[in-house]
Amino acid sequence: MTDLLIATNNKHKVEEIRHFLSKLPFNIRSLSDIPNGPKTIEDEPTLQGNALKKAREAFQATGMLSLADDTGLEVFYLAMKPGVYSARYAGENATYQDNCDKLRFAMLGVAPRRRKAQFRTVIAIVGKGIERTVEGAVEGIILEVLRGDQGFGYDPLFVPNGFSRSYAEMNIEEKNQLSHRARALEKAVEVLQSI
Ligand code: IMP
């Protein structure tokens, strides 16, 4: 079976992606399986730029077909911030809790109809003679208080449209049926099946 390297150290992302791609004929690896794997600096101004950079560096370092995801939470009231800066919204070494707290305070007192946001994921797939990107997004609203303890990142603050529970109140199967990453992964599967 061909190796497919998920170019991230984020165990939550690996879990979601692995779960989603489990039926494909790939031997799924992640950067935590690769000693001295690349530590990509995510300094591109766009999600697409960062996703491509991570997948290219992983492919160059290992020769394996590599898939990387870059995700941002775009809040309309905050002019689409934190966006590409979602991981370090509250500072360089910010925790998920720090970032959620900062967002919660930035949205304090903002009326329900102005709490619209979207999660957007860009997935890059890079291999020999292959360089593709696909995108998936889900709109929803930012909660006033954190709800739920599953998932990661901003999950406790985001309720997707058409649902009453936050991502953090859903298990991995539910999140994988509707999330921004799942939408991008559906397109990534088409790319993977065509190569
Ligand atoms: P990255 O640069 O793609 O690793 O993601 C940036 C940040 O977005 C992460 O540190 C998380 O805080 C957040 N993030 C990414 N994906 C998700 C998700 O599926 N749910 C909630 N937060 C996420």
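Residues numbered from 1 in each chain as written. Predicted model: local features only at pLDDT ≥ 70, side-chain atom pairs only at ≥ 80, totals over all residues. Heavy atoms only, no water.

### Brief notes about the site of the ligand
The cut-off we apply is this: Throughout, the term near means that a residue has one or more heavy atoms lying within 4 Å of the molecule or strand in question. Counted as a polar contact is a pair of N or O atoms within 3.5 Å, where, for protein atoms, one must be capable of donating a hydrogen and the other of accepting one, and residues adjacent in sequence contribute only when both atoms are in side chains. With residues, only the protein chains shown are counted as cover, and all accessible areas are computed by Shrake-Rupley using a 1.4 Å probe. Helix numbers and strand numbers start at the N terminus; a helix is a DSSP run of H or I with at least 4 residues, a strand a run of E with at least 2.
Near the ligand there are 16 residues, and of these Lys13, Thr71, Asp155, Lys175 and Arg181 occur at the shortest range. A distance of 3.3 Å separates an oxygen atom of the ligand from a polar atom in the side chain of glutamate 42. Within the side chain of lysine 175, an N or O atom sits 2.8 Å from an oxygen atom of the ligand. In the complex, 93% of the free accessible area of the ligand, which totals 480 Å², lies under the protein chains. Contributions of two or more residues to the shell around the ligand are made by strand 3 (65-75) and helix 5 (180-193). The leading source of residues in the shell around the ligand is strand 3, at three residues.

### Observations concerning helix 3 (residues 96-106)
The following threshold applies: Whether a residue is buried, partly exposed or exposed follows from its accessible area with a 1.4 Å probe, protein chains only, as a fraction of its type maximum: under 20%, in between, or over 50%, in that order. Within this analysis, the arc is defined by the directions that extend from the helix axis to the C-beta atoms. Any pair of residues with heavy atoms lying within 4.5 Å of one another is described as a contacting pair.
For helix 3, the complete set of buried residues consists of Asn99, Cys100 and Leu103. Summarising the axial view, the buried residues of helix 3 lie within an arc of 100 degrees, below the 170-degree limit, and thus occupy one face. Those residues of helix 3 hidden inside the fold are in contact with strand 3 and strand 6 (130-142).

### Section: the nonpolar core
Here is the rule we go by: Only buried residues count toward a nonpolar core. Its members are Ala, Val, Leu, Ile, Met, Phe, Trp, Tyr and Cys residues joined through side-chain atoms within 4.5 Å.
Among the nonpolar cores identified, the biggest contains 20 residues, and Leu73, Val75, Leu103, Ile142 and Phe158 are the most heavily contacted of them. Listing elements by their share of this core, those giving two or more residues are strand 3, helix 3, strand 5 (116-127), strand 6 and strand 7 (158-160). In this structure leucine 103 touches Leu73, Val75, Leu78, Tyr89, Ile142, Tyr154 and Leu157, once residues within four positions along its chain are discounted. Counting 19 residues, the second largest nonpolar core, distinct from the first, contains Ile6, Leu65, Ile125 and Ala188.

### Some words on unusual backbone geometry
Note the cis peptide between lysine 81 and proline 82, where omega equals -5 degrees. Examined against the element boundaries, proline 82 turns out to sit in strand 4 (residues 81-83). The residue alanine 79 is not glycine, and still its phi comes out positive at about 55 degrees. On the secondary structure map, alanine 79 appears in the loop between strand 3 and strand 4. In this structure, methionine 80 is a non-glycine residue whose phi angle is positive, near 70 degrees.

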